[in-house]
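Structural overview for review
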Amino acid sequence: MASLLKIDVSPRGDHSVSRKLGNEFLEQFQQANPGSTVITRNLATTNMPFVDLPWIMGAYSPEEARTPEHKAALKLGDEFIAEIKAADHILLTTPMYNFAVPAVLKAWIDHICRIGQTFKVNADGSYAGLIEGKKATIIIASSGNYGPGSPAESYNAEKPYLKLVLGFLGIKDVTFVDAGGTYVLNSGQTPIEQFTAPFADQLKSAAAV
Ligand SMILES: Cc1cc2nc3c(=O)[nH]c(=O)nc-3n(C[C@H](O)[C@H](O)[C@H](O)COP(=O)(O)O)c2cc1C
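Thresholds applied
- Residues numbered from 1 in each chain as written.
- Predicted model: local features only at pLDDT ≥ 70, side-chain atom pairs only at ≥ 80, totals over all residues.
- Helix = DSSP H or I, 4+ residues; strand = E, 2+ residues; numbered from the N terminus.
- Rg over C-alpha atoms; globule rule 2.2 N^0.38 Å.
- Buried ≥ 20, exposed ≤ 12 C-beta atoms within 10 Å, placed from the backbone.
- Contact = placed C-beta atoms within 7 Å.
- Near = placed C-beta within 6 Å.
- Nonpolar A, V, L, I, M, F, W, Y, C, P; charged D, E, K, R; others polar.
- Pairing = 2+ DSSP bridges.
- Right-handed = clockwise from strand over helix to strand, strands pointing away.
- Core = buried A, V, L, I, M, F, W, Y, C linked by C-beta atoms within 7 Å.
- Axes fitted to C-alpha atoms, helices over the stretch in contact; angles between N-to-C directions.

**Quick word on the overall build of the protein chain**
A count of helices and strands for the protein chain gives seven helices and seven strands. Each helix and strand of the protein chain, placed in order from N terminus to C terminus, yields the pattern β-α-β-α-α-β-α-β-β-β-α-β-α-α. Against the 2.2 N^0.38 benchmark of 17 Å for 209 residues, the protein chain shows a C-alpha radius of gyration of 18 Å, consistent with a compact globule. Referenced to the eigenvectors of the C-alpha coordinate spread, the extents of the protein chain come out at roughly 60 × 40 × 35 Å. Here the protein chain, with 209 residues, has 31% of them falling under the buried criterion. The long-range fraction of contacts in the protein chain, counting pairs at least 24 apart against all pairs at least 6 apart in sequence, stands at 77%.

Structural data, given as structure tokens:
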């Protein structure tokens, strides 16, 4: 039975374009995988501290040497990592903020990149991801357009970063849905359904795998 982890980042709730596209992906995923399980993680409403001294001390100590304070600091990251490991497919829906990932998404990434848990460093200094056999779909909504060949393409620090960090963890089968140009929705003259309709085929094929 297929399992999906749906991670939402936007704080805009029902107004979020990335979440609306993610919900369409979810429908397609459930149709393609009857009986699938879905875990939803809303980072916008998750009470998530930044990594701090107890977290760092804990993450770089052997498990048997961790104090209760270390363990408490690592607990939320343990939950995030367990959610990832339980999923066959990870769906990440996120806005672009200032050409990069929103801070809450970076905070989540800092929690899940854990030496010995999700990555290791080989003797020669190379990295090996420890999360294997997963697919990921990443939907990025942005006001402007940063697609291949567009004048602002070089400003897109979000897509290459997400590709890099997921690959670092071992997740290399990643499909990106570039939902650029959401500025047309600001005037209210373009209905959101008109904006999202052209993504239907891409979402369906991403959800089918
Ligand atoms: C703090 C902030 C920073 C933003 N930075 C960018 C940006 O760098 N480039 C861009 O095209 N849009 C930017 N936007 C616009 C959002 O990416 C756009 O509204 C997108 O649709 C938000 O995703 P959502 O609809 O899923 O909430 C920014 C919006 C906010 C609130």
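**Comments concerning unusual backbone geometry**
The phi angle of most residues is negative, glycine excepted, and most peptide bonds adopt the trans form. Unusually for a residue other than glycine, asparagine 98 sits at a positive phi of about 50°. Judged by the 10 C-beta atoms lying within 10 Å of it, asparagine 98 is exposed. Despite not being glycine, phenylalanine 99 has its phi angle at roughly 70°, a positive value. Along the chain, phenylalanine 99 turns up in the loop between strand S3 (89-95) and helix H4 (103-112). For phenylalanine 99, a count of 15 C-beta atoms within 10 Å gives the class partly exposed.

**Some points on the site of the ligand**
Inspection of the region around the ligand gives 16 residues, with Ser10, Ser18, Pro95, Ser143 and Gly144 positioned closest. Breaking the shell around the ligand down by element, the ones donating at least two residues are helix H1 (17-32) and strand S6 (135-142). Considering each element in turn, the shell around the ligand owes the most residues, three residues, to H1. The residue inventory of the shell around the ligand, partitioned by class, reads six nonpolar, eight polar and two charged.

**What about the environment of lysine 71?**
By the element assignment, lysine 71 lies in helix H3 (residues 68-86). The class for lysine 71 is partly exposed, based on 13 C-beta atoms found within 10 Å. Expressed as a C-alpha distance, the spacing of lysine 71 and tryptophan 55, which sit 16 residues apart in the sequence, is 7.9 Å. Those residues in contact with lysine 71 that lie beyond four places of it in its chain are Gly58 and Arg66.

**Let's talk about the pairing of strand S7 (residues 173-180)**
Sheet analysis places S6 next to S7, joined by eight bridges and oriented parallel. Paired with serine 142 across the two strands is glycine 180, which belongs to S7. With respect to chirality, the unit in which S6 leads through helix H5 (residues 158-169) into the neighbouring parallel S7 is right-handed.

**Here's the deal with the nonpolar core**
Residues Ile7, Phe25, Ile84 and Ile90 are the most contacted members of the largest nonpolar core, which totals 35 residues. Looking at this core, the elements that each hand over two or more residues are strand S1 (3-8), H1, H3, S3, H4, S6, H5 and helix H7 (200-208). With residues near it in sequence (within four places) discarded, isoleucine 84 still touches Leu5, Ile90, Ile112 and Ile131.

**Brief notes about the sheet that holds S6**
Across the sheet, which stays open at both edges, the five strands sit in the order S2-S1-S3-S6-S7 with parallel pairing between neighbours. In this open sheet, the two edge strands, each paired with only one partner strand, are strand S2 (37-42) and S7. This sheet shows a mean twist of 15° between the axes of neighbouring strands, independent of strand direction. The pairing of S1 with S2 spans six bridges and is classified as parallel. Within S2, the residue paired with serine 3 across the bridge is threonine 37. Packed onto the sheet, H3 meets S1, S2 and S3 and runs at close to 135° relative to S1.

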